[in-house]
Amino acid sequence: CALPISSEINRSIEFVQMKNKKLEFDKIYITGGGSKLSGLKDALEKKLSQKLITLSSYKKIKMNSKTEEQFRKNEPEFAVAVGLGLSEVMADED
């Protein structure tokens, strides 16, 4: 499972580095439901020789306590929804 994913990550990194030769990657952030797959993070770290950090970027989102409890239990599954919501907020700022 980690081999195809690590190959795609390496291809993406190589593409970005072709555009900016000085750019270095010293860690990779992971999020989403897939980040909860048992052993995936360790396998990817080994294949990529990079530190992987599970991203939790929702600390500044305000919500009531009941909603927050449910949200925190399933936080990775909301990555796409939160990202889309934030992109709309950012677009409104322009």
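Look above for the structure.
In this text the structure is predicted, and so the values were computed from the model without any measurement.

S.K.: Before we move on, can you summarise the pairing of strand E1 (residues 27-30) with the specific residues and values?
M.R.: Across the two faces of E1 the burial differs, with Ile28 and Ile30 buried and Lys27 and Tyr29 not buried at all. As paired elements, E1 and strand E2 (residues 51-54) share four bridges and run parallel to each other. Bridge pairing in E2 links Ile28 to Leu52. Each parallel crossover has a hand, and for E1 linked through helix H2 (residues 40-48) to E2 it is right-handed.

S.K.: How would you sum up the environment of Glu24? Please name residues and give values.
M.R.: Its location among the elements puts Glu24 in the loop between helix H1 (2-19) and E1. The exposure class assigned to Glu24 is exposed, which follows from its relative accessible area of 67%. Expressed as a C-alpha distance, the spacing of Glu24 and Ile13, which sit eleven residues apart in the sequence, is 9.2 Å.

S.K.: Any chance you could break down H2 for me, citing the residues and the numbers?
M.R.: Those residues of H2 that sit buried are Leu40, Leu44 and Leu48. All buried residues of H2 fall inside an arc of 50° around its axis, so they share one side. Exposed and oriented more than 90 degrees from the buried face of H2 are Asp42 and Lys46. In the segment just after H2, Ser49 is the residue with positive phi, at about 55°.

Cut-offs and rules
- Residues numbered from 1 in each chain as written.
- Predicted model: local features only at pLDDT ≥ 70, side-chain atom pairs only at ≥ 80, totals over all residues.
- Heavy atoms only, no water.
- Buried < 20%, exposed > 50% of the residue type's maximum accessible area, 1.4 Å probe, protein only.
- Helix = DSSP H or I, 4+ residues; strand = E, 2+ residues; numbered from the N terminus.
- Pairing = 2+ DSSP bridges.
- Right-handed = clockwise from strand over helix to strand, strands pointing away.
- Arc of directions from axis to C-beta.

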